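Examination of the molecular architecture
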Amino acid sequence: MATKKKEEAELSELLRDLAKNWKIMLPCIILAGIIGVFVSMWIRPIYKVDALLQIESKNNKGASMMNGLGGLFATNSPAETEIELIKSRQVMGSAVEKMNLLYYAEPKNIMDRLLHREGRMDISNFEVPWDSIVSENKYGPWFAVLTDSIGSYDLYDQDEKKVFSGVAGQTFKFPYAGDSVTIGVLDIKGVAGQKFEITKKRRLDAIGDFRSAFDVAERGKKTGILEFSYMDIYPDRAVAVLNEVASSYLRQNVEERNAEAQKTLEFLEKQLPDVKAQMDSSLMNLNAYRNQVGSVDINAETRLVLERRMRLQQDILNLQQKKQEAIRLFHSEHPTVKTLEDQEAALKRELGGTSSQVKKLPATQQEVLKLQNEVELTKVMYTTMLNNIQQLRLVSAGEVGSVRIVDFAEIVTRPTKPKPKMIVCVALFLGFLLGAVLVSFKTRFSNGVKSASFIEKETGFTVYAKVPKGNPSGTKGTRPLAVVEPDDVAVESLRALRSSLEFSMMDDSASVIGVSGLIPGVGKSFISVNLAALFAGMGKKVLLIDADLRKGRLHKEFGIKRGDGFSQVLLKAVEPEKVIFPTEVENLFVIPCGNVPANPAELLGSKRYQELIENFKSQYDLIIVDTPPIMLVTDAALACRVAAQIVMVIEYNKHSIEAIQDGMGQILKGNGNAHASIVINKYEHTRSEGFGYKYGKY
């Protein structure tokens, strides 16, 4: 619980720091928002299209035609393999070349891009003699400028020199730099005067750019459905490119499978004449032997032996084919290969067992049986080969591949990128973070003193009051804040200052209090005005003197028109009674600074100044002298020579301890017997200090 409260306190403290430094936070957030809007408008709209392809585990049509040979051409490639094949240079390079992605014409106009009204130029060919240009150190981009809405354009080289004029829909070739330039423009859209920068990419660079905009992934797990997607600034070109990739991959898949069948078909067709020759030779040998020995009758026993041997030999031939297919897929020690070898060995042993039956037959029948066996075997081989050739021809003619297109890409109307709202929100968040970082650095590296106890320890002077940051002016209208809002927390702190000053007064005689600050803007006039009003509220007759003869402002606080004042009294130009003005606060009188004299320091250091103060002591219970900043001029030290109490006003977290020590030392040089104290103005209380409570409403 304690940790949670500590974290909440730290968070609230951080938020207060950020709110206090709104002058840093607000510009960062506004600047980031402007940048976010600019970026969202600068990015060209990008459209994303997609297509679906299905990968089949095998070609069922080919398998049904080829029966036993169907397994030879079955394709069981996983989706990962197909994805890598699709991303190959063979597939993507074909699409890049066919869709003219090697050439690119970029519109060049900042306002048109921001307003999303850029033109478009589609190029089909662009060949430039780059070698001669590089040798002359003139390498650079080429430009085309649209001359009218019909499609005419002017071509400029890298030196922005006009070299050719052409029209869209045609390819031109013209001489240039001792060689020739070829340019073909398919179409141009835009207004007259639009400029396009034309470039030709290297093939590998174009393929790399295409891969960055292209993506393919399997939809679902082991579904065999591949989803193609492609992003382009032109939706119609994106559709054409993606459909070309799908069609190119489908075409290459069919050609690859057809090529395998063609290779097998060519091999069988080469072997077919030899098998037919063997069949004819065995048939001629059988007929010749029969003509030699005459007709030989084959009894039932011999026929059974012949049929059995024929069946065994055909089974052995089939097993040998299966074993060759298995060896293509597995190593020789695989269980499938071993099983086929064992079956082949068993059939060969059984075939060898029929040899003893053949030997029991007469010699004539043995020879006839042998010759007829050869004839039947070659017939089976020839017939099987003819059937396989016919099946392969049918497969080759009707091959559809293992891939089919499920959905072609279609034009979309809404761009995928950019997302302006997200960009602006991210920019604002980054601006907020930047402001927070700057505030953190400012806080971390600030050398301003915050702790009152640290000030007291290092300087030896007591901090009488810590006045919270509030109204920047000492009055509201022409009345002091202490009178208008007596319950304000700043007024409560000033009451503590008043009480401390009263306790430090040695006797009941009239006293002089000098109020000064280290630098301008710390709020010394605010302290002077309200402190005088609080003393007047106790029934004391108080005179408030504006001794800041250079930039005094007490006449503004009380609504007094600037004219003669304290400086004219010191110059003996007017009598003191004529520049003493009553205020709306009973018992409070004020002497404004008057017109700026030529020698304010000499006036405050004069004997006339001391005599005036002594004269005022007999007329007033308390005199408060508002002096200039001590760190800028010596006026404050001179004005405080007559003060029994000196109040140094400093600003919270603004001054170093060295500056405070130096300021106190300077103001006490001419009046070492005065009782000095410190007031911290614009103090920032923490929650633990009870900030926000008002005694009057407690």
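In this report, we go over the structure that sits alongside the text.

Scoring rules and cut-offs
Residues numbered from 1 in each chain as written. Predicted model: local features only at pLDDT ≥ 70, side-chain atom pairs only at ≥ 80, totals over all residues. Heavy atoms only, no water. Helix = DSSP H or I, 4+ residues; strand = E, 2+ residues; numbered from the N terminus. Buried < 20%, exposed > 50% of the residue type's maximum accessible area, 1.4 Å probe, protein only. Contact = heavy atoms within 4.5 Å. Areas by Shrake-Rupley, 256 points an atom, 1.4 Å probe, with all protein chains shown as cover. Pairing = 2+ DSSP bridges. Axes fitted to C-alpha atoms, helices over the stretch in contact; angles between N-to-C directions. Core = buried A, V, L, I, M, F, W, Y, C linked by side-chain atoms within 4.5 Å. Patch = residues over 30% accessible without salt bridge, like charges linked within 9 Å, V, L, I, M, F, W, Y side chains within 5 Å. Salt bridge = Lys/Arg side-chain N within 4 Å of Asp/Glu carboxyl O. Arc of directions from axis to C-beta. Parallel < 35°, antiparallel > 145°, perpendicular 65-115°, else oblique. Left-handed = near helix turned anticlockwise from the far one by under 90°. Nonpolar A, V, L, I, M, F, W, Y, C, P; charged D, E, K, R; others polar.

Structural notes on the overall build of the protein
A count of helical and extended segments in the protein gives 23 helices and 22 strands. Expressed as a percentage of the 698 residues in the protein, the buried residues total 43%. Nonlocal contacts in the protein, meaning residues at least 24 apart in sequence, comprise 77% of its contacts between residues at least 6 apart. Carbon and sulfur atoms make up 54% of the accessible area of the protein, which amounts to about 37400 Å² in all.

Section: the pairing of strand β13 (residues 462–468)
Most of β13 sits inside the fold, with five of its seven residues counted as buried. One ladder, built from five bridges, connects β13 with strand β22 (residues 675–683); its direction is parallel. Across the sheet, the residue bridging to V463 is I678, located in β22.

Some points on helix α5 (residues 89–98)
By the burial criterion, the buried members of α5 are V91, M92, G93, A95 and V96. Two residues or fewer past α5, N100 is found with a positive phi of approximately 60°.

With respect to the sheet that holds strand β3 (residues 120–127)
An order of β3-β8-β7 is seen for the three strands of this open sheet, with the pairing classed as antiparallel. Edge positions in the open sheet fall to β3 and β7 (170–176), since each of these has one partner strand only. The average undirected angle you get between the axes of adjacent strands in this sheet is 25°.

What about the nonpolar core?
Counting 53 residues, the largest nonpolar core has M121, I183, F210, F214, F228 and Y230 as its most contacted members. Per-element accounting of this core gives the leading share, seven residues, to helix α9 (residues 235–293). Aside from chain neighbours lying at most four places away, what touches F210 is M92, V96, L101, Y230, V241 and V245. The next biggest cluster of nonpolar side chains, apart from the first, holds 47 residues, and it includes L549, L612, I623 and A637.

Topic: the environment of D215
Examined against the element boundaries, D215 turns out to sit in strand β10 (residues 214–218). Note on D215: relative accessible area 41%, which makes it partly exposed. For the pair D215 and K87, spaced 128 residues apart in the sequence, the C-alpha separation amounts to 8.7 Å. Not counting the four nearest positions on each side in its chain, D215 is found in contact with E227, F228 and S229.

Re a nonpolar patch on the surface
Taken together, the side chains of M422, V426, F429, L430, F432 and L433 present a nonpolar region at the surface, about 560 Å² in accessible area. Residue position: L430 is located in helix α13 (residues 420–445).

Regarding the pattern of salt bridges
All chains considered together, the criterion is met by 24 salt bridges. Ionic pairing is found between R44 and E118, a salt bridge with its closest N-O pair at 2.7 Å. Remark: E118 occurs in the loop between α6 (110–114) and β3 and R44 occurs in the loop between α2 (22–42) and β1 (47–55); sequence separation between them is 74 residues. A residue is classified by how much of its surface remains accessible, and E118, at 25% relative accessible area, is partly exposed. As a salt-bridge pair, E502 and K540 come within 3.8 Å of each other at their nearest N and O atoms. Taken together, the residues span a long stretch of sequence, with E502 in helix α16 (residues 489–504) and K540 in the loop between α17 (524–537) and β17 (542–546) at a distance of 38 residues. Exposure remark for E502: the relative accessible area of 23% places this residue in the partly exposed category. Taking the relative accessible area as the measure of exposure, K540 reaches 24% and is therefore partly exposed.

A closer look at the environment of F566
Here F566 shows up in helix α19 (residues 566–570). According to the relative accessible area criterion, F566 is buried, its value standing at 0%. Here the alpha-carbon distance between F566 and V579, two residues 13 residues apart in the chain, equals 7.2 Å.

A few points about helix α14 (residues 452–459)
Because an α-helix completes one turn every 3.6 residues, residues spaced three or four positions apart along the sequence face the same direction. Those residues of α14 lying buried are A452, I455 and T459. Considered in projection along α14, the buried side chains sweep an arc of 60° and stay on one side of the axis. Exposed side of α14, more than 90 degrees from the buried face: S453 and K457 are the residues found there. Elements that come into contact with the buried residues of α14 comprise β13, β21 (645–651), α23 (657–667) and β22.

Regarding the packing of α16 against α17
The contact between α16 and α17 brings their axes to 10 Å, and the two run at 70°. By the angle between their axes, α16 is roughly perpendicular relative to α17. The handedness of the crossing between α16 and α17 comes out as right-handed. Two secondary-structure elements touch here, α16 through A490, V491, L494, R495, L497, R498, L501 and E502 and α17 through F526, I527, N530, L531, L534 and F535. When the residues that make up the contact of α16 with α17 are grouped by side-chain class, the tally is ten nonpolar, one polar and three charged.

Some words on the sheet that holds strand β20 (residues 622–626)
As summarised here, the arrangement of the eight strands in space is β13-β22-β21-β16-β20-β17-β19-β18, forming an open sheet in which the pairing is mixed. Each edge of the sheet is formed by a strand with only one pairing partner; in this case those strands are β13 and β18 (581–582). Here helix α21 (residues 607–617) sits on the sheet and contacts β16 (511–517), β17, β19 (588–591) and β20; the angle it forms with β20, its principal contact strand, is near 145°.

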